[in-house]
Amino acid sequence: MTKRNKFSRGKSESKAKRNAFEKEKAVKQHTNKVHEACAPIEGKTAGQRELIKAIGRSTVVFITGCAGSGKTYISTGLAADDLVQGNIDKIICTRPIVSCGGDLGILPGTADEKLAPYMAPLVDILNRRIGKSAVECFIKNKQIQHIPLQLMRGASFDNAVILADEMENSTAEQLEMLLTRIGENTTLIINGDIRQKDISNSGLQYAINKVSHIDGIEHVEMTVDDIVRSGIVKEIVKAFWGD
């Protein structure tokens, strides 16, 4: 290779690095603007306010109860705030790969594309909280990671928030494995509605009974009174729960 070709390649690489740096800087500025425009997450009900306090003071928080009560929204929104503010290095999103009421078969696409439908609710909340471009940047930098529960064994996470959603569809063995992934300065938030489980051997209640007495582990139960999704959802839940 001639000196000229080496020089040209060096200039191209430097330009690419500058462009990447400027793009990341612009995304960060945009993220900060989006986040500043977001109102602080405040509980609308007694249960939500207790949940926010529990996440702030505990290492592990189990959240169970009604659909529409803000379990996923509050936990994901608070994790996004921590990431943008630099309190943590990354968010780990996980859940069992179990569909509602039946087997969807083999989904097409890459591993990430197969996982995307299952992680969509968490990604949607992150997009609304800090902006789609910021979420894409964090994913690219591996500061937001989506990992199926079945692939978590052997991992250890420091300086992170682990968001474990739909955990009514996990077994006792999977929950024990997940609970032992916690590293330094890491919070694990486990969401689930035991009444909506899609497997017969759910271990969520068993795990809560086993470990909720340990210092640094809390269980928050959301009730019908905490439903904020809509009035009709509250009435539907009451009808099914017999309240």
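Every value quoted in this text rests on a predicted model; they were computed, and no experiment measured them.

Rules behind the numbers
Residues numbered from 1 in each chain as written. Predicted model: local features only at pLDDT ≥ 70, side-chain atom pairs only at ≥ 80, totals over all residues. Heavy atoms only, no water. Pairing = 2+ DSSP bridges. Helix = DSSP H or I, 4+ residues; strand = E, 2+ residues; numbered from the N terminus. Axes fitted to C-alpha atoms, helices over the stretch in contact; angles between N-to-C directions. Core = buried A, V, L, I, M, F, W, Y, C linked by side-chain atoms within 4.5 Å. Buried < 20%, exposed > 50% of the residue type's maximum accessible area, 1.4 Å probe, protein only. Contact = heavy atoms within 4.5 Å. Patch = residues over 30% accessible without salt bridge, like charges linked within 9 Å, V, L, I, M, F, W, Y side chains within 5 Å. Areas by Shrake-Rupley, 256 points an atom, 1.4 Å probe, with all protein chains shown as cover. Salt bridge = Lys/Arg side-chain N within 4 Å of Asp/Glu carboxyl O. Arc of directions from axis to C-beta.

1. Things to note about the sheet that holds strand E2 (residues 90-94)
In spatial order, the strands read E3-E2-E4-E5-E1-E6; together these six strands make up an open sheet with parallel pairing. Each having just a single partner strand, strand E3 (144-146) and strand E6 (217-222) make up the two edges of the open sheet. Sheet twist, expressed as the mean angle between neighbouring strand axes with direction ignored, is 15 degrees. The pairing of strand E1 (residues 60-65) with strand E5 (residues 186-192) spans five bridges and is classified as parallel. Note on E5: the bridge partner recorded for Val60 is Leu188.

2. Considerations on the nonpolar core
In this structure, Leu51, Ile91 and Ile144 are the most contacted members of the largest nonpolar core, which totals 31 residues. Elements with a contribution of two residues or more to this core: helix H2 (46-57), E1, helix H3 (71-84), E2, helix H4 (111-130), helix H5 (132-140), strand E4 (160-164) and E6. Those residues within four positions of Ile144 in sequence are excluded, and the remaining contacts are Leu83, Ile91, Cys93, Leu126, Val135, Phe138 and Ile139. In terms of nonpolar packing, the next biggest core, distinct from the first, is built from 22 residues, Phe62, Leu149, Met152 and Ile190 among them.

3. What to know about a nonpolar patch on the surface
Residues Ile232, Ile236 and Phe240 make up a contiguous nonpolar surface patch of about 360 Å² in total accessible area. Counting through the fold element by element, Phe240 comes out in helix H8 (residues 231-241).

4. Focus on the pairing of E1
Counting buried positions along E1 yields six of six residues, so the element is predominantly enclosed. Here E1 shows a buried face lined by Val60, Phe62 and Thr64 and a second buried face lined by Val61, Ile63 and Gly65. Sheet topology note: the E1/E6 ladder contains six bridges and is parallel. By the bridge assignment for E6, Phe62 is matched with His219.

5. Brief notes about helix H7 (residues 204-211)
Buried residues of H7: Leu204, Ala207, Ile208 and Val211, and no others. Around the axis of H7, the buried residues are gathered within 100 degrees of arc, so they sit on the same side. Contacts from the buried residues of H7 go to E1, helix H6 (172-179), E5 and E6.

6. Describing the pattern of salt bridges
Taken as a whole and assessed by the stated rule, the structure comprises five salt bridges. Glu50 is the partner of Arg57 in a salt bridge, and the nearest nitrogen-oxygen pair spans 2.6 Å. Here Asp124 ties to Arg128 by a salt bridge, and the two come within 3.2 Å at their closest N and O atoms. Here Asp124 and its partner Arg128 are both found in helix H4, four residues apart, which amounts to about one turn of the helix. Judged by its relative accessible area of 39%, Asp124 falls in the partly exposed class. Among the charged side chains, a network of salt bridges with common partners joins Glu50, Arg57 and Glu218.

7. Quick look at H6
Those residues of H6 not exposed but buried are Gln174, Leu175, Met177, Leu178 and Leu179. Tucked into the core, H6 has its buried residues touching E1, E2, E4, E5 and H7.

Don't take any of this as a statement about function, it's just geometry.
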